[in-house]
Amino acid sequence: MGIPTRRGGGGGGGGGVVGVDMLSERAAQMREALVKSQSITDNMVSILGSFDHRLSALETAMRPTQIRTHAIRRAHENIDKTLKAAEVILSQFDISRQAEAKILKGPHEDLESYLQAIDQLRKNIQFFSNNKSFKSSDGVLNHTNNLLAKAISKLEEEFKQLLSSYSKAVEPERLFECLPNSMRPSSGSPGDSSSKHPSSNSHSDQNNSAENSVYTTPTLIPHRILPLLHDLAQQMVQAGNQQQLQKNTVLSFGSLRPNLGDAESLQYLTGRDTRSPVLEESLRKLGVEKLSKEDVQKMQWEVLEAKIGNWIHFMRIAVKLLFAGERKVCDQLFEGFDSLMDQCFAEVTAGSVAVLLSFGDAIAKSKRSPEKLFVLLDMYEIMRELHSEIEALFRGKACNDIRESALGLTKRLAQTAQETFGDFEEAVEKDATKTAVADGTVHPLTSYVINYVKFLFDYQSTLKQLFQEFENGDGSHSQLAAVTMRIMQALQTNLDGKSKQYRDASLTHLFLMNNIHYMVRSVRRSEAKDLLGDDWVQRHRRIVQQHANQYKRIAWAKILQCLSVQGLTSSGGGSAVSADGGNSSGVSRAIIKDRLKTFNIQFEELHQRQSQWTVPDTELRESLRLAVAEVLLPAYRSFIKRFGPLVENGKNPQKYIRYTPEDLEHMLGEFFEGKTLNEPKR
């Protein structure tokens, strides 16, 4: 069958056939190219498969070589590491030998190199402890540890030797140089000066001086030695010997007991004590004695009083200079080891503190007596003054016992002082001294009590502090006023009792006048006036005046009666004359003579007796004479003027009119002088 041709198209049918042919030709070419490409691809796959097989075979063939190469490389690396490790180990052995050589030489020649060698030994121990795989590490560690132990042992010996060499007792003169100028003794020890109780001003000056003074802490161990001792202590602590160090060092410093179960400790603790005995020796040279309560009880008061004065100085020097110096040594020596600082300081000072406090305790517990009050207050005062310094120096748990002992003594002194205060008040009121003052002057008890009270005001601040120790609600100022008032009242009560010993009532009042006036005058001139108040002063001044008036009334009433006009009128008998001068008639000459004779006898008796009496205060004496003269002389002048002519006109008038008013005035000036006078010639 053929394809039908289209009619009527002209030349268009021939062009379509050509296009189909061309497409067919191109498709055939592409088919041929694809076939060739597939053939090439198959060939390439075949070739590549062949390469893969060959490479796999090559890899298999090369694997042993690669393994050997890797092994060789690792071997080289291991060899390098081993060589380096060996080099480090050998260097440690080399350094260890160098350190050992220095250790064997000992620390005395070159301490710094010795300490460096110890540091190196520690590093070696650390190195071999961290390299246990080293075959000989255990042996090396044993050797190095033994060597380190020997090194530390030599350090301990060096520590003791250094400490011993530079620990010397401090001479008193050197301590005095550390005191403020105002407190340095002129010669000898501080106790050479009398410790009798000073006046108020001197005691106040002492207090102000103590409070405002600057003390220079002495250097007990040279500054250049302390760093060496510190380095030695630090090495021993680092060596794991802190406990041993504490025992050893404290033994060098004090008297800590060793562990008797530790043979090594016993061997080491055979070293002699150093710092504690040195401190005790410094105090002995200063004058500190170890006295028991029995020793104190046996002492005469004058001796004991001087020793108490010395003790006050010793306490101040011990705390402010010696203990402060020891604290400085301990702090620098054990810097960084606080527990050792406190423990060693406590052990160094414990013995010395005990000696000082035991004396104070013996005084506080001794038999109470009034004269001890002021030394008790002095002792209480110094303990209060040193309280803050004792707290600062003896800080830490290790010093608890010492702090408590000091505080306990302060409280015991306060308690004893307060009880002595009460004893004194009672003793004043109940003083049974039978010795009367014959001349009516100030009684020794009065001057003693007043001086006592004046001394009390010298201790005002101390007493107020003491009263606060036993606070009962009242202010310390009012307590002191109340106590003073009670003491003065107790004295007055006692004086009233003593005044009754006089047979002459006028002397009784003169005695009371003198004594109460002395009390008033003393109060007015002292700080007691501010405490007792003006009311007390004015009230007792009136009492003085009352006794003066009573003396005048009792002593002079009888003699003044002789000069009275009463009873002069004659009742008969005898001659009565009219005399000039206004004399009344009827007066008996005999009565006038008798009156004058009686007056002379009584006045002479009064003069003889009362010129032996005493009014010690000049102003009071003159005022009393004046008061008598103001009564006696006008009465005498009036009597003589009125009745004298009766006698003058008779025989021997001088026998009756023995004295002129001027004579009487002169003789009154001899009253109350406290001396025996010759009787006037008749």
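Residues numbered from 1 in each chain as written. Predicted model: local features only at pLDDT ≥ 70, side-chain atom pairs only at ≥ 80, totals over all residues. Heavy atoms only, no water.

Peer 1: Teacher, can you tell me more about the overall build of the protein chain here?
Peer 2: A count of helices and strands for the protein chain gives 23 helices and 0 strands. Per-residue burial for the protein chain yields a buried fraction of 44% across its 682 residues. For the protein chain, the proportion of contacts with a sequence separation of at least 24, taken over those separated by at least 6, is 80%. Entry remark: accessible area of the protein chain is about 37300 Å², with carbon and sulfur atoms responsible for 51%. (Helix = DSSP H or I, 4+ residues; strand = E, 2+ residues; numbered from the N terminus. Buried < 20%, exposed > 50% of the residue type's maximum accessible area, 1.4 Å probe, protein only. Contact = heavy atoms within 4.5 Å. Areas by Shrake-Rupley, 256 points an atom, 1.4 Å probe, with all protein chains shown as cover.)

Peer 1: Honestly, the layout of surface pockets in this entry has me stumped. Any pointers?
Peer 2: Put simply, the second largest pocket is a space of about 480 Å³. Among the elements of the structure, α18 (505-524), α20 (534-562) and α22 (618-648) are those that each provide at least two residues to the lining of the second largest pocket. Within the lining of the second largest pocket, the residues separate by chemical class into 7 nonpolar, 5 polar and 7 charged. (1 Å grid on protein atoms, 1.4 Å probe; cavity = no way out; pocket = protein on both sides within 12 Å on 5 of 7 lines; lining within 4 Å. Points joined across faces, edges and corners; volume = space filled by probe spheres on them. Nonpolar A, V, L, I, M, F, W, Y, C, P; charged D, E, K, R; others polar.)

Peer 1: Help me understand the environment of N600 in this model?
Peer 2: With respect to the helices, strands and loops of the structure, N600 is situated in helix α21 (residues 589-610). The class of N600 is buried, set by a relative accessible area of 2%. For N600 and R658, which are 58 residues apart along the polypeptide, the C-alpha to C-alpha distance reads 7.1 Å. With near-sequence residues (within four places) excluded, N600 lies in contact with K655, Y656, R658 and Y659. Among the polar contacts made by the side chain of N600, one reaches the main-chain carbonyl oxygen of Y656 at a distance of 2.8 Å. (Polar contact = N/O pair within 3.5 Å; in protein donor to acceptor, adjacent residues only side chain to side chain.)

Peer 1: Even after reading the chapter, I still don't get unusual backbone geometry, so can you show me in this structure?
Peer 2: With the exception of glycine, the majority of residues adopt a negative phi angle, and the majority of peptide bonds are in the trans configuration. The backbone of N652 sits at a positive phi, close to 45°, despite the residue not being glycine. Position of N652 relative to the elements: it lies in the loop between α22 and α23 (661-668).

Peer 1: Is there a simple way to explain the pattern of salt bridges in this structure?
Peer 2: Charged atoms that come close allow side chains of opposite charge to pair. In this structure the tally under the stated criterion is 25 salt bridges. Two residues, D331 and R395, come together in a salt bridge whose shortest N-O distance is 2.9 Å. Of the two residues, D331 sits in helix α11 (residues 301-333) while R395 sits in the loop between α13 (372-393) and α14 (400-430), which places them 64 residues apart along the sequence. Through salt bridges with shared partners, a single network forms among R327, D331, D342 and R395. (Salt bridge = Lys/Arg side-chain N within 4 Å of Asp/Glu carboxyl O.)

Peer 1: So what exactly am I meant to see when it comes to the packing of aromatic side chains here?
Peer 2: Within a pair of aromatic rings, the relevant descriptors are the distance that separates the centres and the angle that separates the planes. This structure, assessed with the given rule, holds 21 aromatic pairs. Measuring from centroid to centroid gives 5.3 Å for Y502 and F511, while their planes differ by 55°, and the two rings are tilted. Judged by its relative accessible area of 1%, F511 is buried. Counting every residue linked through ring pairs, the aromatic cluster contains Y551, W556, F599, F603, W613, Y636, Y659, F671 and F672. (Phe/Tyr/Trp six-rings, centres within 6.5 Å; stacked < 30°, edge-to-face > 60°.)

Peer 1: Please explain the nonpolar core as it appears in this structure.
Peer 2: Where a protein is soluble and globular, its nonpolar side chains tend to be buried together. In this structure, L229, W311, F323, M383, W556 and F603 are the most contacted members of the largest nonpolar core, which totals 176 residues. Here this core gets 17 residues from one element, more than from any other, and that element is α11. (Core = buried A, V, L, I, M, F, W, Y, C linked by side-chain atoms within 4.5 Å.)

Peer 1: Even after reading the chapter, I still don't get a positive patch on the surface, so can you show me in this structure?
Peer 2: Taken together, the side chains of K454, R524, R525 and R541 present a region of like positive charge at the surface. Note that R524 resides in helix α18. (Patch = residues over 30% accessible without salt bridge, like charges linked within 9 Å, V, L, I, M, F, W, Y side chains within 5 Å. Lys, Arg positive; Asp, Glu negative; His and termini not counted. Charge placed at Lys NZ, Arg CZ, Asp CG, Glu CD.)

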